[in-house]
Structure formats: C-alpha cells, structure tokens
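# Working through the structure, step by step
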Amino acid sequence: HVNAERDGQAIILSETPAQSNSETDFADRIQMHFEHNQVACDSAVLYQLSALQDALCSLADVDAIRTRLRRGAEQAAQSGKGATEPAGVPSSSSASAPAPRSETWEDEKLALWSKLKVASFTRTIAAAYAVVLTNLVVRIQLNLLARHVFLERSLREGMANADGMETSTILPRHTQETYLSLSEYFRADGLRDLVDEVNAVCERELNEIPLNARLSSDDVMGVVAAVRAALELETPSDVPRSWTGLVVPSAVPADDRLRELILETIDILESERFAAVVSETLDCAFDFLSAGISTAIERAQCGGVIPFAKLIPSMANLSNRVLAAGEDGLLKRLEGTWMQRCG
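Residues numbered from 1 in each chain as written. Predicted model: local features only at pLDDT ≥ 70, side-chain atom pairs only at ≥ 80, totals over all residues. Heavy atoms only, no water.

## Re the overall build of the protein chain
Helix and strand content of the protein chain: 12 helices and six strands. The proportion of buried residues among the 343 residues of the protein chain is 45%. Across the protein chain, contacts joining residues at least 24 apart in sequence account for 80% of those joining residues at least 6 apart. Entry remark: accessible area of the protein chain is about 17,000 Å², with carbon and sulfur atoms responsible for 51%. (Helix = DSSP H or I, 4+ residues; strand = E, 2+ residues; numbered from the N terminus. Buried < 20%, exposed > 50% of the residue type's maximum accessible area, 1.4 Å probe, protein only. Contact = heavy atoms within 4.5 Å. Areas by Shrake-Rupley, 256 points an atom, 1.4 Å probe, with all protein chains shown as cover.)

## Let's talk about the packing of aromatic side chains
This model, assessed by the stated rule, comprises three aromatic pairs. Measuring from ring centre to ring centre gives 6.0 Å for Phe-121 and Phe-308, while their planes differ by 75°; the resulting arrangement is edge-to-face. Note that Phe-121 is positioned in helix α4 (residues 105–163) and Phe-308 in helix α11 (residues 308–322), a separation of 187 residues in sequence. An identical accessibility class is assigned to Phe-121 and Phe-308; each is buried. Each ring, one from Tyr-129 and one from Phe-286, has its centre 5.6 Å from the other, and the planes form 70°; the classification is edge-to-face. Taken together, the residues Tyr-129 in helix α4 and Phe-286 in helix α10 (residues 272–300) connect sequence positions 157 residues apart. Each member of the pair, Tyr-129 as well as Phe-286, carries the same accessibility label: buried. Pairwise contacts between aromatic rings join Tyr-129, Trp-243 and Phe-286 into one cluster. (Phe/Tyr/Trp six-rings, centres within 6.5 Å; stacked < 30°, edge-to-face > 60°.)

## Details of unusual backbone geometry
The backbone of Gln-301 sits at a positive phi, close to 50°, despite the residue not being glycine. You can see Gln-301 is positioned in the loop between α10 and β6 (305–307). Its relative accessible area of 72% is what places Gln-301 among the exposed residues.

## Remarks on the packing of α10 against α11
It is the contact of α10 with α11, at a shortest axis distance of 10 Å, that shows an interaxial angle of 140°. Here α11 runs oblique to α10, going by the angle between their axes. Here α10 runs over α11; the crossing is right-handed. The residues of α11 that touch α10, namely those facing Phe-288, Leu-289, Gly-292, Ile-293, Ala-296 and Ile-297, are Leu-311, Ser-314, Met-315, Leu-318, Arg-321 and Val-322. (Axes fitted to C-alpha atoms, helices over the stretch in contact; angles between N-to-C directions. Parallel < 35°, antiparallel > 145°, perpendicular 65-115°, else oblique. Left-handed = near helix turned anticlockwise from the far one by under 90°.)

## Some details on the environment of Glu-197
Mapped onto the secondary structure, Glu-197 falls in helix α6 (residues 182–206). Here Glu-197 is in contact with Leu-231, Arg-241 and Leu-246, once residues within four sequence places are set aside.

## Focus on the environment of Ala-51
Checked against the element boundaries, Ala-51 lands in helix α1 (residues 26–59). According to the relative accessible area criterion, Ala-51 is partly exposed, its value standing at 25%. Residues Ala-51 and Arg-187, 136 residues apart in the sequence, show an inter-C-alpha distance of 7.8 Å.

## Digging into empty space enclosed by the protein
All chains considered together, the criterion is met by three cavities of 30 Å³ or more. Taken together, Gln-48, Leu-133, Thr-134, Val-137, Val-138, Gln-141, Leu-182, Ser-183, Phe-186 and Val-247 form the lining of the second largest cavity. Counting only elements with at least two residues in the lining of the second largest cavity, the list comes to α4 and α6. For the lining of the second largest cavity, the element with the most residues is α4, which contributes five residues. (1 Å grid on protein atoms, 1.4 Å probe; cavity = no way out; pocket = protein on both sides within 12 Å on 5 of 7 lines; lining within 4 Å. Points joined across faces, edges and corners; volume = space filled by probe spheres on them.)

## Quick notes on the packing of α6 against helix α7 (residues 217–232)
Relative orientation of the contacting elements α6 and α7 amounts to 135°, with a least axis distance of 10 Å. Relative to α7, α6 is oriented oblique. Judged by the sense of rotation from one axis to the other, the crossing of α6 with α7 is right-handed. Side by side, α6 and α7 meet where Glu-197, Val-198, Val-201, Cys-202, Arg-204, Glu-205 and Leu-206 of the first sit next to Val-223, Ala-226, Val-227, Ala-230 and Leu-231 of the second. When its residues are assigned to classes, the contact of α6 with α7 shows nine nonpolar, no polar and three charged. (Nonpolar A, V, L, I, M, F, W, Y, C, P; charged D, E, K, R; others polar.)

Quick look at the structure:
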C-alpha cells in the first residue's frame, strides 16, 4: 500500500497488503509492489514542482528586473526622455555597446537588460536541471525505500510462517521522513548552488552577444549547448560531473538505518548507470527547450531569426512550461524515459 501525504513533506511507504500464495505468486507481488510505488513517485515529484517554481522565481528573479525596466521607462516617458522606446527596450544605437559609468536612465536600462538576459536563461536552464534531478532522485529514494520494505516484509512473513512470529513494520516512520527530506536539502541548498553555477556560465556565454543581435534557433541552442557543456563536464578530463553534492548533504547521520539508506543512495548517484540516465534525461529536457525556443522564434515572424531583446521574455517564460505539471510540461516528457529504463 502507498500512503501519499500531500500536506506533509514526505510520502511514507508501508507494506503491500498481504496476500497468500494461493492468490498470487511472488513475481506478481513484486510487480504489484512496483506499480503501487510508481504512484507514490508520481505524486511526490508533482508535489515538488510548485516548490521548485517558487524557489527558482526567488533565486533567478526575472520579475523584479522587468518591473524596474517598466517603471524606468514610464518615468523616462513622463520626463520626455526615451519616450520612443517601448517597455524599456534598449535603442539600437546603445544595445550593442557596453554601458558607460553614469547615472542616466539609458545606462541603467542597459545594465538591467544585461541582468535580464542572464536571469532569463538562468531560470529556464536551471529549471530543466532541477526537474531532471528532482524526478530522478525522488524516484531513486522511493524505489529504494520500497525495495527495503518489500524484501524485509517478505523475510518476516517467511519467519512468521516458520516460527509463528508476529510481523512488525520495518523502517520507522521518522527514518523514512528524514530520508525523504533530502528533497528539502536540494531546494534549500543544492538548488541555490545550481542556480549560482548556471548564472555564472550564462553570464560568460551571453556577455558578448548584443541585445540587437538577430539570432536563429540554432544560434540560441548553440549558446545553450555551451552552457550545458560547461555545467556537465569536469575539466580538464571532460568526464561527466557528479551531481551528488547538490542533492545529498555531506553530514553523515548517526542513525544506522538512515546512514545505510543515504550511503546506498550515494552509491547509485555515483554509478555509471545513473550518469547515463542523467545524460539521456537531460537530452530529453534540452530537446524540450529547443522546441520551445523554436516556437518562440516562429511566432515572432521575423524570417527565422529574432532580435535578442525580443527573445529574452520568451526565454524567461519558457521556465513556466518546464515546471508545468500538466501534459505540456517537461515532467510528462520525462516519464517515458524513466519507464523505458525501468522496463
């Protein structure tokens, strides 16, 4: 049985309802247990999406920059300065040059647009990584717990049948809750570190691209690919990076059962198989971003290219689709990848 707690921070696993050997064989029980656990996984990942969106909105605060640009443009229009530039869009004469150090609105506007382009790419790219890592780590945790519950319960059932012993619940509730709270660590600490990494790389890759540059979908995805390569490959050996530090705290707990679960989780996260699954899943995520970017450029109806300044709002808004819980969201696309790996 799977007990999902929406108002709590964890989804607690209890034993699959007992069935006698006459009702089903052992293989059928394993399959039933797996299917029940996937329901818990789906529920847990969906629960995380809203929290991830709130955290990313704060860490890559695009809206605050937009508000400052809008208010600045309104104030400039009222004073008769910059009235010809809609919504704070930089003029073509200034968009390609670095802002001089002065206190004019034009200088501040360029600085804000520079921050906006970096924050927009940071939010959407970090959202893709956050969804992928959350989806995989939550599923690893819950399937790992489910395996412990199922095997230990089956063992105790056998002992009870042989010796007349009463079975008892394994893995105390507080151990399960503490273990599953690793997702809170990622949202509170790991996600902040991830956003800082993505922001630094985006700033470097976008710095030389002027706001009035006309970009194709391939141009934009070239930038995104460069960001991804910088984030995922450890230099100078160019081996896949480890994600463990973002999702698992370094402190080792005193609780023996909890420590056992965390060490087993780390073994999985450090395995070649997990690296392959992360890479495959990120490929799916970035294909999703590529499709969204292509759609934005097509809708602009600019002959297959788009002024960079006009792409930036679409790039920021794409993060909402990445984090959406419905059929159009990234998570739905990732379900197929996970189930193929499980099959």
